[in-house]
Amino acid sequence: MTTSPRKVAIVGGNRIPFARSNGKYADASNQDMLTAAIDGLASRYNLQGKRMGMVAAGAVLKHARDFNLTRESVVGSVLDSSSPAYDVQQACGTGLATAIQVADAIAVGRIDAGIAGGTDTTSDAPLAVNDDLRKILIKVTSAKSTVDRLRLLGDIRPQSLVPEQPQNAEPRTGLSMGEHAAITARELGVTREAQDALAAASHHNLAASYESGFQDDLVTPFLGVPRDDNMRPDSSEEKLGKLKPVFGKRDAEAHGTEATMTAGNSTPLTDGASAVLLASEAWAEENKLPVRAYLVDSETAAVDFIHGHDGRTPDGLLMAPTYAVPRLLERNGLTLQDFDYYEIHEAFASQVLATLAAWESEEYCTERLGLDSALGSIDRSKLNVHGSSLAAGHPFAATGARILAATAKLLEEKGSGRALISICAAGGQGVTAIVER
Ligand SMILES: CC(=O)SCCNC(=O)CCNC(=O)[C@H](O)C(C)(C)COP(=O)(O)OP(=O)(O)OC[C@H]1O[C@@H](n2cnc3c(N)ncnc32)[C@H](O)[C@@H]1OP(=O)(O)O
């Protein structure tokens, strides 16, 4: 182990193009996609047959067969199969959370190089048998005789056959993430127009990024898909403005306002996978791999979005990054304005705008975050400059490594600078990081 932390180099990343759910990757499993992302990374950085100190990845939605998903993906990949691997799950923060774990192991000298990433598919979502049927089937598998088995099977009722499917709802509130985001947007005064403008910008920036070749060494085509198929370069505020609201209708009715969140300014359900290679500087040099940027620090926060306390209303479900970032800034002696790029995961346009509005609000920053004053505004021309999840799509656990790899490349192209990454996650969590070059 080293006595002082080592710098953690981001060598580069790879992902498969993201695809809208129930579309091009309908027959691909999490393991297929994660293996493809790792193999693409290996081919780009000559990792074939090499042993990684650690491979950490995960999926938010897992089948029973995915119980050892990352390890199985490594065994199926071109890496040396003696690379240890394990699964991590921190909802939409998974991809960045895995990178932080790999980075920490590199920083303390426990490993020299590792891969972080994630995968998700809502096309191949795990449908489970319901409790009644499961209990019967468990008894059937351990029944001693055919007669016992048949007797137990006779207990199956039509309602036992209704499957349980993953819910896009917070278990403790019953509200979907979109409905939670709509409440926060109303509370912070986020307008429909601002959301549609952000969504259009995401599509335009991502399309320009593909056209300029920026994505060439970040994305490897998979199953004949060359680019993220949710991307719509022809998106305009006018077209987006015509879409009907899908989230927050009940909340708007209750407050006499208009619902503002549509399919166009929300992320679509998406399939995809991504991976990023992290290493010590010495390992990168030995392997003749240039360093794109460094993962400098990270902070994860969680909020109470259920009860509220000290007479305050509950925090917004997706607002934990507003808490994590000031801690990160304070620890690193920085202000919110000290960044060349801001990569804020676009779960919903409203949630990015609510996050920015919160940091601009004196009341939010002093009363909720306990700061002396507002963090202030950011230069919006530095936000998600190559597009983000609204355009690319959001295969939950794959988003973090997508963002980290693109951010490192942005800084490499700039030559030097600093970027802030902020990812909100279900359960009221937020994973944030600073990347520098
Ligand atoms: C921490 C986190 O990250 S939280 C986020 C987690 N993710 C989620 O919660 C996923 C949220 N998303 C969803 O549930 C779904 O994608 C929904 C409900 C928003 C939309 O689902 P669908 O209705 O299937 O969307 P669909 O793709 O059909 O789009 C609806 C319409 O909007 C249109 N549309 C969508 N995007 C655009 C665009 N950029 N420009 C123009 N029109 C658009 C579509 O063409 C479609 O029009 P049509 O009805 O005339 O065909």
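As the structure is a computational prediction, the values presented were derived from the model and not from experiment. (Residues numbered from 1 in each chain as written. Predicted model: local features only at pLDDT ≥ 70, side-chain atom pairs only at ≥ 80, totals over all residues. Heavy atoms only, no water.)

1. Observations concerning the site of the ligand
Defined as follows: Note on terminology: near, applied to a residue and a molecule or strand, indicates that one of the residue's heavy atoms is within 4 Å of it. In protein, a polar contact requires one atom able to donate a hydrogen and another able to accept it; more generally it is a pair of N or O atoms within 3.5 Å, and residues adjacent in sequence count only if both atoms are side-chain atoms. Note that accessible areas follow from Shrake-Rupley with a 1.4 Å probe, and for residues the cover is restricted to the protein chains shown. Of the grid points, spaced at 1 Å and generated over the protein atoms alone, those admitting a 1.4 Å probe that cannot get out make up cavities, while open sets with protein on both sides within 12 Å along at least five of seven lines make up pockets; any residue with an atom within 4 Å of a point is treated as lining. Those molecules having more than half of their atoms within 2 Å of a cavity or pocket grid point set are described as sitting in that cavity or pocket. Ten residue types, Ala, Val, Leu, Ile, Met, Phe, Trp, Tyr, Cys and Pro, are classed as nonpolar, four, Asp, Glu, Lys and Arg, as charged, and the remainder, Gly among them, as polar.
Residues in close proximity to the ligand total 23 residues, the closest being R20, R232, T267, H345 and H394. Take H345: an N or O atom from its side chain is 2.8 Å from an oxygen atom of the ligand. Measuring from an oxygen atom of the ligand, one finds a side-chain N or O atom of H394 at 2.8 Å. Burial of the ligand by the protein amounts to 68% of the accessible area it has alone, namely 1,000 Å². Put simply, the ligand lies in the largest pocket. Across the shell around the ligand, the residue classes break down as 14 nonpolar, 7 polar and 2 charged.

2. Looking at the layout of surface pockets
The condition that has to hold: Grid points are joined across faces, edges and corners, and a volume is the space filled by probe spheres set on the points. Secondary structure elements follow DSSP: runs of H or I of four or more residues count as helices, runs of E of two or more count as strands, with numbering from the N terminus.
Taken as a whole, the largest pocket spans an internal volume of roughly 1,200 Å³. Considering the residues around the largest pocket, the lining is formed by 48 residues, among which N168, T267, P268, L269 and F396 are closest to the centre. Sorting the residues of the lining of the largest pocket by element identifies α6 (177-187), α8 (237-241), β6 (245-247) and β11 (418-425) as the ones contributing at least two each.

3. Structural notes on the state of the cysteines
The cut-off we apply is this: Disulfide: a pair of cysteine sulfur atoms within 2.5 Å of each other. Relative accessibility decides the category of a residue: with a 1.4 Å probe and only protein chains considered, values under 20% of the type maximum give buried, values over 50% give exposed, and everything between is partly exposed.
Per the stated rule, a full pass over the model turns up 0 disulfides. Cysteine C365 remains unbridged, with the sulfur of C424 as its closest cysteine sulfur at 17 Å. The buried category is assigned to C365, whose relative accessible area is 0%. The thiol of C424 is not disulfide-bonded; the next cysteine sulfur, from C92, is found 6.6 Å away.

4. What to know about the nonpolar core
Selection criterion: In this text, buried Ala, Val, Leu, Ile, Met, Phe, Trp, Tyr and Cys residues form a nonpolar core when linked through side-chain atoms within 4.5 Å. We call two residues in contact when some of their heavy atoms are within 4.5 Å.
One finds L336, F348, W359, L383 and L420 to be the most contacted residues of the largest nonpolar core, which totals 53 residues. Looking at this core, the elements that each hand over two or more residues are α6, α7 (192-211), α11 (320-332), β10 (341-344), α12 (349-360), α13 (362-368) and β11. Per-element tally for this core: the top contributor is α12, with 7 residues. When neighbours within four sequence positions are excluded, L336 is seen to be in contact with V325, L329, Y342, W359, L375, G376, I378 and L420. Ranked by size, the runner-up nonpolar core spans 46 residues in total, among them A105, L295, A408 and A419.

5. Brief notes about the UniProt feature "domain: Thiolase N-terminal" (unreviewed entry) in the protein chain
For clarity, the cut-off: UniProt positions are given in the numbering used here, feature names are shortened, and annotations may be inferred rather than shown by experiment.
UniProt feature "domain: Thiolase N-terminal" (unreviewed entry): in the numbering of this structure it lies at residues 8-281. End C-alpha to end C-alpha, residues 8-281 measures 7 Å, and it is 36% helix and 15% strand.

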